[in-house]
Amino acid sequence: MRAELPQLVKTREALRMPEGSEARVRGWVYRKRDLGGKIFVVVRDSEGIIQVVVDRSTAPREAVQAAEEATIESAVEAWGRVAPDPRAPGGAELRAEGFVLHSRAEDFPIKGGEGVDYLLDVRHLWIRSRRLTAVWRIRHTVLKAMREYLESNGWWEVSPPILTQSAVEGGATLFEVNFFGKKAYLSQSAQFYLEALIYSLERVWSLTTSFRAERSRTRRHLYEYWHLETEEAWARMRDSMRVAAELTAAAVRGVLEERLEELSLLKRDTERLEAAARPDYPSITYDEAIELLKRRGVSIEWGDDLGADEERVLTEYFDTPFFVTHFPKHIKSFYMKIDPGRPEVVLGFDLLAPEGYGEIIGGSEREDRYEVLLARIREEGLDPRDYEWYLDLRRYGSVPHSGFGLGVDRLVMWVAGLDHIRDSIPFPRFRDRIYP
Ligand code: 4AD
Ligand code: MG
């Protein structure tokens, strides 16, 4: 019996079939209207939606009954012939000759119009929404495009640990873990491990979760986020900036090539993305950034850190992502290389996304001189004993090297045009919520 059923296809494929083709689809009930003579069931699968029409005068009795019983989010299967219909989503519908109810859903707790907190309570169900599904698909393509870029440019993928013994980005945002009676921390960055790996592999990258016990709740901070990091032997700051730009542009291009439908569903202005598809991003120094901010009336002095508000103002000057370089050393991490020509600044860079989004990448050339690094560790009030192995890397064949960390969730947030970083990831972790 089953062998006689039409071929199983995705809804997207069914919509493209010539009129009269036989097709079978399966998925979940997205919408349903019973107009008496006909039952219209919109079925959703991973590729989209299709309207299935169950005509009471022609469809088999069991099919009509199953369609009647199907509730929103029930798992169903339907088959029949494809017919054009300008009123149907996608311009075609499936006229059902069979309809099976695989699992009848209870009254679905999301009806539309619910608030943010409630939707986070039912996140495990809300992630099915078409809007979030579009984001997951964009996120997939962002990751795929970056992986392809790295793969085709000679980068080795490595797997650093998450349980670590010391801070990379300062103690303030560390999550402590009780590790068999000893203190350990969840990784903030794989950087130091990647630095150790360049002595064998030269160009390495990793994709891991990073953890930050951020003190303030903002639209662009997660407590657990996905971090793509690169580290390269012999590379200077400018070399690493080029990689950062090419990687970002590759992600944007990938999405423009493969995810136009999703961008359109999200009402994302793609013209603004087109400008970011080429890696020739402009670059300004921190000094210039301060000047630009002052010009816009921002009260800021040289030496102040750039927060989200300052970054937003800076993005008004650019249509593409852009770099800010040469920050004062005291607002950046101890490992960043001091500019030999200007000891008050470091060879560090941030890449900021336009349209108000701000920092998506932070990187630098690393301090590769043992004595200078040791002095910087002391200067920052850190205990050199915590960084012994890291210092060792400067004792055995130290070379100039540079790298950066890219916040995947922030990149997705900007590319998809989201208002809040929580919707860039299926299960965001917040300070007051680790459920679901
Ligand atoms: O600028 P950050 O702190 O740099 C580092 O961790 C370096 N050790 C990376 C390296 O050079 N290997 O973080 C890098 C990026 C930021 O630019 C931002 O995109 C993202 O990580 N990020 C966060 N994303 C979401 N939520 C948070 N709380 C984030 N903190 C940083
Ligand atoms: Mg940073």
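Keep in mind it's a predicted model, so treat the numbers as computed, not measured. (Residues numbered from 1 in each chain as written. Chains lettered and ligands numbered in written order. Predicted model: local features only at pLDDT ≥ 70, side-chain atom pairs only at ≥ 80, totals over all residues. Heavy atoms only, no water.)

Visitor: Looking at this structure, how should I read the overall build of the protein?
Guide: Each helix and strand in the protein was counted, giving 14 helices and 16 strands. Dimensions along the principal axes, computed over C-alpha positions, put the protein at roughly 85 × 55 × 40 Å. Per-residue burial over the protein gives 53% buried out of 436 residues. For the protein, the share of sequence-separated contacts (at least 6 apart) that also reach a separation of at least 24 residues comes to 65%. Of the roughly 20600 Å² that the protein leaves accessible, carbon and sulfur atoms contribute 50%. Taking the average location of the 63 positive side-chain charges in the protein and that of its 73 negative ones, the two points are 3 Å from each other. (Helix = DSSP H or I, 4+ residues; strand = E, 2+ residues; numbered from the N terminus. Buried < 20%, exposed > 50% of the residue type's maximum accessible area, 1.4 Å probe, protein only. Contact = heavy atoms within 4.5 Å. Areas by Shrake-Rupley, 256 points an atom, 1.4 Å probe, with all protein chains shown as cover. Lys, Arg positive; Asp, Glu negative; His and termini not counted. Charge placed at Lys NZ, Arg CZ, Asp CG, Glu CD.)

Visitor: What exactly am I supposed to notice about the site of ligand 1 here?
Guide: As a matter of local geometry, ligand 1 sits amid 24 residues, with E169, Q191, L222, E229 and E359 nearest to it. The separation between an oxygen atom of ligand 1 and a polar side-chain atom of E359 is 2.6 Å. One of the side-chain N or O atoms of R366 is found 2.9 Å from an oxygen atom in ligand 1. Considered on its own, ligand 1 offers 620 Å² of accessible surface; in the complex 94% of this is hidden by protein. Here ligand 1 occupies the largest pocket. Among the secondary structure elements, those contributing two or more residues to the shell around ligand 1 are β11 (224-233), β15 (358-365) and β16 (401-407). Here the shell around ligand 1 is composed, by residue class, of eight nonpolar, eight polar and eight charged. (Near = heavy atom within 4 Å. Polar contact = N/O pair within 3.5 Å; in protein donor to acceptor, adjacent residues only side chain to side chain. 1 Å grid on protein atoms, 1.4 Å probe; cavity = no way out; pocket = protein on both sides within 12 Å on 5 of 7 lines; lining within 4 Å. Sits in = over half its atoms within 2 Å of the grid points. Nonpolar A, V, L, I, M, F, W, Y, C, P; charged D, E, K, R; others polar.)

Visitor: How should the domain arrangement of the protein be read in this particular structure?
Guide: What the domain assignment lists for the protein is domain 1 (11-103) and domain 2 (120-434). Each side of the interface is counted separately: domain 1 has nine residues, and domain 2 has five residues. Across the domain 1 to domain 2 interface the summed buried area is about 600 Å²; carbon plus sulfur atoms make up 35%. The residue E73 makes a salt bridge to R128 at a minimum N-O spacing of 2.8 Å. One can count four residue pairs in polar contact (both at pLDDT 80 or more) joining domain 1 with domain 2. Listed by contribution, the elements that provide at least two residues to the side of domain 1 that touches domain 2 are α1 (11-16) and β3 (48-55). (Domains from an automatic or database assignment. Buried area = accessible area lost by both parts, 1.4 Å probe. Salt bridge = Lys/Arg side-chain N within 4 Å of Asp/Glu carboxyl O.)

Visitor: What should I look at first to understand the sheet that holds strand β9 (residues 182-186) in this one?
Guide: Adjacent strands of a sheet pair through backbone hydrogen bonds, lying either parallel or antiparallel. Ordered by their spatial adjacency, three strands build an open sheet running β7-β9-β8, and the pairing between neighbours is antiparallel. Looking at the sheet topology across the chains shown, the edges are occupied by β7 (163-164) and β8 (176-179). Where β8 lies against β9, four bridges are found, and the strand directions are antiparallel. Residue pairing for β9: F179 is matched across the bridge by K182. (Pairing = 2+ DSSP bridges.)

Visitor: Got a minute to help me understand the pairing of β9 in this structure?
Guide: The side chains of a regular strand alternate, residue by residue, between the two faces of the sheet. Pairing analysis gives two bridges linking β7 to β9, with the strands arranged antiparallel. Across the sheet, the residue bridging to L163 is L186, located in β9.

Visitor: Help me understand the layout of surface pockets in this model?
Guide: If a probe the size of a water molecule is rolled over the atoms, the empty space left behind becomes visible. Empty space within the largest pocket amounts to approximately 1400 Å³. Together, 50 residues line the largest pocket, and E169, R212, E214, K332 and E359 are the ones closest to its centre. At six residues, β15 tops the list of elements feeding residues into the lining of the largest pocket. By volume, the second largest pocket amounts to about 500 Å³. In terms of lining, the second largest pocket is formed by 24 residues, of which the most central are D45, S46, E47, G48 and I49. Listing elements by their share of the lining of the second largest pocket, those giving two or more residues are α1, β1 (22-34), β2 (38-45), β3, α5 (130-152) and α8 (260-265). Residue classes in the lining of the second largest pocket are distributed as six nonpolar, six polar and twelve charged. Of the domains in this structure, domain 1 (11-103) and domain 2 (120-434) are the two that each give at least three residues to the lining of the second largest pocket. (Points joined across faces, edges and corners; volume = space filled by probe spheres on them.)

Visitor: I'm lost on the packing of α5 against helix α14 (residues 408-416) in this one. Help?
Guide: Two measures define how a pair of helices packs: the angle their axes make with one another and the distance between the axes. One way to put it is that α5 packs onto α14 with a least axis distance of 10 Å and a crossing angle of 120 degrees. In terms of axis orientation, α5 runs oblique to α14. Judged by the sense of rotation from one axis to the other, the crossing of α5 with α14 is right-handed. Across the interface between the two elements, V135, I138, R139, V142, L143 and M146 from α5 touch V408, D409, L411, V412, V415 and A416 from α14. Broken down by class, the residue content of the contact of α5 with α14 amounts to ten nonpolar, no polar and two charged. (Axes fitted to C-alpha atoms, helices over the stretch in contact; angles between N-to-C directions. Parallel < 35°, antiparallel > 145°, perpendicular 65-115°, else oblique. Left-handed = near helix turned anticlockwise from the far one by under 90°.)

Visitor: Honestly, empty space enclosed by the protein in this entry has me stumped. Any pointers?
Guide: Counting across every chain of the model gives one cavity of 30 Å³ or more. In this model, the largest cavity occupies a volume close to 90 Å³. Residue lining of the largest cavity: T164, Q165, S166, A167, V168, L174, S187, Q188, S189, F192, Y193 and W389, and that is the complete set. Split into classes, the residues belonging to the lining of the largest cavity amount to six nonpolar, six polar and no charged.

Visitor: Help me understand the pairing of β1 in this model?
Guide: Relative to strand β4 (residues 75-84), β1 runs antiparallel, the two sharing seven bridges. Across the sheet, the residue bridging to G27 is V76, located in β4. Summarising the sheet, β1 and β2 pair through six bridges and their orientation is antiparallel. In the sheet register, D34 faces β2, and the bridge partner there is I39. Hairpin connection of β1 to β2: three residues between the antiparallel strands, including G36 at a positive phi of 90 degrees.

Visitor: How do you make sense of the packing of aromatic side chains when you look at a structure like this?
Guide: Two aromatic rings are characterised by how far apart their centres lie and by the angle between their planes. What the rule picks out here adds up to 15 aromatic pairs. Residues F334 and Y387 carry aromatic rings whose centres are separated by 5.2 Å and whose planes lie at 65 degrees to one another, so their mutual orientation is edge-to-face. Taken together, the residues span a long stretch of sequence, with F334 in the loop between β13 (322-325) and β14 (348-353) and Y387 in the loop between α12 (370-379) and α13 (388-392) at a distance of 53 residues. Residues F334 and Y387 agree in their burial class; the two are buried. Taken together, F192, Y193, F334, Y335, Y387, W389 and Y390 form an aromatic cluster joined through their ring pairs. (Phe/Tyr/Trp six-rings, centres within 6.5 Å; stacked < 30°, edge-to-face > 60°.)

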